Amino acid sequence: MLPIERQQRIIDELNVNGRVIVAELVTLCQVSQETIRRDLTQLEKRGLLQRSHGGAVPAKRQAANIQGNTRVVNEYELSFRQRINEHVDAKMAIAKRALDFISPGDCILLDSSTTCWYLARQLPDIELTVLTNSIRIVQTLAARGSIRTICLGGEYSDRYEDFHGVVAEQPLREFQINKIFFSCSSLGNDGYLREGNENNAHLKQQMLLAAERKHLLLDGSKFLRPSFARICHYRDVDFLITDQLKDKELEQELAWNGVNIIDCSQRSHSMQLIKN
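Residues numbered from 1 in each chain as written. Predicted model: local features only at pLDDT ≥ 70, side-chain atom pairs only at ≥ 80, totals over all residues. Heavy atoms only, no water.

Student: So what about the overall build of the chain? Which residues, and what values?
Tutor: Within the chain one finds 10 helices and 17 strands. Of all 276 residues assigned to the chain, the portion counted as buried reaches 49%. Of the contacts made within the chain by residues no fewer than 6 positions apart, 57% connect residues no fewer than 24 positions apart. Of the roughly 13,300 Å² of accessible surface on the chain, a fraction of 47% belongs to carbon and sulfur atoms. (Helix = DSSP H or I, 4+ residues; strand = E, 2+ residues; numbered from the N terminus. Buried < 20%, exposed > 50% of the residue type's maximum accessible area, 1.4 Å probe, protein only. Contact = heavy atoms within 4.5 Å. Areas by Shrake-Rupley, 256 points an atom, 1.4 Å probe, with all protein chains shown as cover.)

Student: Report on the confidence of the model for the chain, specifying residues and quantitative values.
Tutor: In the predicted model, the chain carries a mean pLDDT of 86, and 90% of its residues have values of at least 70. Under a pLDDT of 50 for its full length, residues 61-76 has, in the predicted model, 33 contacts with residues more than four places off or in other chains. For residues 268-276, every residue scores under 50 in pLDDT, and the model assigns this stretch 25 contacts once sequence neighbours within four places are set aside. (pLDDT = per-residue confidence, 0-100.)

Student: Account for the sheet that holds strand E2 (residues 49-52), naming residues and giving values.
Tutor: Sheet architecture is open: 3 strands sit in the order E1-E3-E2, paired in antiparallel fashion. Strands with a single pairing partner mark the edges of an open sheet, and in this sheet they are strand E1 (20-21) and E2. Where E2 meets strand E3 (residues 55-58), 4 bridges bridge the pair, whose relative direction is antiparallel. By the bridge assignment for E3, Arg-51 is matched with Ala-56. (Pairing = 2+ DSSP bridges.)

Student: Which residues make up helix H9 (residues 198-210), and what are the values?
Tutor: Given a rise of 1.5 Å per residue, 13 residues ought to cover 18 Å, and the 19 Å separating the end C-alpha atoms of H9 matches this to within 8%. Where H9 is concerned, the buried positions are Asn-200, Ala-201, Leu-203, Lys-204, Met-207, Leu-208 and Ala-210. (Expected span 1.5 Å × (residues − 1).)

Student: Residues and numbers for the state of the cysteines, please.
Tutor: Inspection of every chain in the model, using the stated rule, returns 0 disulfides. There is no disulfide at Cys-232, and the cysteine sulfur nearest it, in Cys-184, is 7.9 Å away. (Disulfide = S-S within 2.5 Å.)

As structure tokens, then:
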């Protein structure tokens, strides 16, 4: 088992059980106690857990009681304002390449990721219907006379500058959406796309169900790293638009599962294995 696979297993166990014990992880992962302790130390440095005597517990989180439900937000997860300045060149290149998949008359769905915000900024003023839960995208498209913008309402998050919850999900059932463009916190070694927040993950699940074609916009920093809540498996995606995919084994796995890999760093040599 590779270190990244082992560490993802540790995070999964932590999410399920609320704590992990070194002795149990030794048996589960078939490695030494020293190896597990090194893994826990690395995960703690990333803010994914907190070391305790003989094991680890979830990292400190901020909890807010909302309409009788408890919402948990990982305080180490970056806000929209912080993420907007990360990997800017890659996000711009991915967004520009994604424009090739948008046609006049489309009804498209954009999530509240910073990459989709960069995509919205580059959208030409053509006849489009855009649904989004991002307040930033709504503001960006406000001056586009030909673009009809529909905001998915719901509970507003200042941290993510978006809306989520049941109210945001309901309108998705009312529209015929041609394409979704979305991003996520990570594509894990287990094949699952993940978010750092369970509310965002659930909304993206509903978005994917509502759209005919699914376009994942993912910069190279997000491959094979741990994150919190599952969205879907990569086989549920039609197109992966990325600036780099250095892991050849992962690239082959994606292709075998029918994912069309669009490498925007090699525009004329995109790997096209179109799903039927």
